[in-house]
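# Notes for the structure review
One-letter residues, chain by chain:
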Amino acid sequence: MTTMNRKQLQAILNYLGVPDVLYDLGSNMRLDACVAMEKSKNGWEVFITERGSKFDIERFDNETDACLAFLRKTLRG
């Protein structure tokens, strides 16, 4: 099975030229609208954030599944 972590996901996003203002991989937790991912006590969450609120939340047991969902969500724009 192929695995992916946030560092690898960041490299893919950079390679694809996705502007970093469109996403947050859990380091800044911006308040403006973007796709975000963060580690929670029960696993991983991928969601849209706007004005500090979370929308369209998806939860995952592992980082790989969260990264893949994050990539899909980011690229479908």
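This report concerns the structure included in the present document. (Residues numbered from 1 in each chain as written. Predicted model: local features only at pLDDT ≥ 70, side-chain atom pairs only at ≥ 80, totals over all residues. Heavy atoms only, no water.)

### Section: the pairing of strand 3 (residues 43-50)
Operational definition: For each residue, the accessible area found with a 1.4 Å probe, counting protein chains only, is set against the maximum for its type, and the residue is called buried under 20%, exposed over 50%, and partly exposed in between. Strands are runs of DSSP state E lasting at least 2 residues, helices are runs of H or I lasting at least 4, and numbering of each runs from the N terminus. Only strands joined by at least two bridges in the DSSP assignment are considered to pair.
The element strand 3 is largely enclosed, with a buried count of 6 among its 8 residues. Examined bridge by bridge, strand 2 (residues 34-40) and strand 3 share 7 bridges and lie antiparallel to one another. The residue bridging Glu38 from the neighbouring strand is Glu45, located in strand 3. As paired strands, strand 3 and strand 4 (residues 53-60) are joined by 6 bridges and run antiparallel to one another.

### Comments concerning the nonpolar core
Defined as follows: Residues enter a nonpolar core if they are buried and are Ala, Val, Leu, Ile, Met, Phe, Trp, Tyr or Cys, with the set joined through side-chain atoms within 4.5 Å. In this description, contact between two residues means that some pair of their heavy atoms is separated by no more than 4.5 Å.
One finds Leu9, Leu13, Met37 and Phe70 to be the most contacted residues of the largest nonpolar core, which totals 16 residues. Elements with a contribution of two residues or more to this core: helix 1 (6-16), strand 2, strand 3 and helix 2 (63-76). Looking at this core element by element, the count peaks at 5 residues for helix 2. Ignoring sequence-local partners within four residues, the contact set of Met37 consists of Arg6, Leu9, Asp24, Leu25, Gly26, Trp44, Glu45, Val46, Ala66, Cys67 and Phe70.

### Considering helix 1
Under the convention used in this document: Polar contacts, as used here, are pairs of N or O atoms within 3.5 Å; protein pairs need one atom able to donate a hydrogen and one able to accept it. Residues neighboring in sequence count only if both atoms are side-chain atoms.
Its side-chain oxygen at 3.0 Å from the backbone nitrogen of Lys7, Asn5 defines the N-terminal cap of helix 1. Positive backbone phi, at 75°, marks Gly17, one or two positions downstream of helix 1.

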